[in-house]
Amino acid sequence: MKTKEITLPPFLRPGDTVGICAVARKVTKEEIEPAVRKLEEWGFYVELGQHLFGAENQYSGSDEERASDLQAFLDDPSVKAVISARGGYGTMRIIDRLDFTKFREQPKWITGYSDITVLHSHIHTNFSIATMHATMPLNFAKDPFSTETLREGWCGEPLSYKSIDTVNAENRSGFAAGQLTGGNLSLLYALQASASDIDTDGKILFLEDLDEYLYHIDRMMLSLKRAGKFDGLAGLIVGGMNDMKDNTVPFGKSAEKIIAEHVREFSFPVCYGFPAGHDVKNYALALGRTIHLDVNGPETVLTFV
């Protein structure tokens, strides 16, 4: 299958407007204010979603309210990037309420990670437009370097990262080039066979996850494998697999070792412990863009072309 050409939204310039909404879990004004100041420090205007600080149980407002905030930003030509304030759970509840007509006509950088994987996957599959997997306002203060990579990614500055496998999962050396896709493993698993399911053929897949039982990781990897997601893969990047849970009777393998087991029969390069996902370090990844992945023993170099 021929890989579809990806459209890059215009890169941001000082004076552009960034919209902040919350498509999943609720957030407070106090939690977001430092990120607003940082965005303004970068020279951007900031527009807050009408229901950004709403609350309905764990959500930042009803499904209708959360969808309307994102829809307003998708439709507004003056907003050049949209970033979710935080993740949590809830984006899948609103994805089918959204109209991407104006977004397709005037693409903008949809940004976030974790639950925002729903938006990344849906946009790539249906519209072939690049998006930004990166830290979110709730986490701006966790790691200044990671937050700076978001600005660099938005502004079109060169992105190149070097990482070392610190989880001892034994990288598989090799070189690959291809479009970067993926995100949160649990969401990719949940989106299978839907209108938001991703195509991995010829691409480099990024996976990360948080707070999952190890046997769930095994089941999700088996499901992706049985669905053929690894058959035509060019390369695999495994990010943070943080705060995994186990049963009273141990599963017997780390998340990384589970992943390694399920991709052992393939020949594409694999790196582990890449600093992206639910960790202190969360480097910006422009999903949809073509990257070079060079894995040499424990060292990995990832460069956006």
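About the thresholds
- Residues numbered from 1 in each chain as written.
- Predicted model: local features only at pLDDT ≥ 70, side-chain atom pairs only at ≥ 80, totals over all residues.
- Heavy atoms only, no water.
- Helix = DSSP H or I, 4+ residues; strand = E, 2+ residues; numbered from the N terminus.
- Contact = heavy atoms within 4.5 Å.
- Pairing = 2+ DSSP bridges.
- Phe/Tyr/Trp six-rings, centres within 6.5 Å; stacked < 30°, edge-to-face > 60°.
- Buried < 20%, exposed > 50% of the residue type's maximum accessible area, 1.4 Å probe, protein only.

**What about unusual backbone geometry?**
And step 1. For Ala 193, which is not glycine, the phi torsion reads 65° and is therefore positive.
And step 2. Relative to the assigned elements, Ala 193 resides in the loop between helix H7 (185-190) and strand S8 (204-210).
And step 3. One non-glycine residue, Asp 211, adopts positive backbone phi at about 55°.
And step 4. Following the sequence through the fold, Asp 211 ends up in the loop between S8 and helix H8 (214-226).

**Some details on the environment of Phe 73**
And step 1. Position of Phe 73 among the secondary structure elements: in helix H2 (residues 63-75).
And step 2. Taking C-alpha positions, Phe 73 is 17 Å from Phe 127, a pair spaced 54 residues apart along the chain.
And step 3. The residues contacting Phe 73, other than those within four sequence positions of it, are Gly 19, Ile 20, Cys 21, Glu 47, Leu 48, Gly 49, Val 79, Val 82 and Lys 108.

**Notes on the sheet that holds strand S13 (residues 299-304)**
And step 1. Taken in spatial order, the seven strands line up as S6-S13-S12-S7-S8-S9-S10 in an open sheet, and their pairing is mixed. What marks the edges here is a single partner per strand, and that holds for strand S6 (160-164) and strand S10 (270-271).
And step 2. With six bridges joining them, strand S7 (residues 174-184) and strand S12 (residues 290-296) adopt antiparallel strand pairing. Paired with Gly 174 across the bridge in S12 is Val 295.

**Description of the packing of aromatic side chains**
And step 1. One pass over the structure, following the stated rule, counts 14 aromatic pairs.
And step 2. An angle of 75° between the planes, with centres 6.0 Å apart, marks the rings of Phe 44 and Trp 154 as edge-to-face. Taken together, the residues span a long stretch of sequence, with Phe 44 in the loop between helix H1 (29-41) and strand S2 (45-48) and Trp 154 in helix H6 (residues 144-155) at a distance of 110 residues.
And step 3. Using a relative accessible area of 3% as the deciding quantity, one classes Phe 44 as buried.
And step 4. Between Tyr 161 and Phe 274, the ring centres sit 6.1 Å apart and the planes meet at 65°, which makes this aromatic pair edge-to-face. With a gap of 113 residues between them, Tyr 161 in strand S6 and Phe 274 in the loop between S10 and strand S11 (285-287) connect regions that are remote in the sequence.
And step 5. Residue Phe 274 is classed as buried on the basis of its relative accessible area, which comes to 1%.
And step 6. Cluster of aromatic residues (ring-pair linked, three or more members): Trp 42, Phe 44, Phe 140 and Trp 154.

By themselves these figures say nothing about function.
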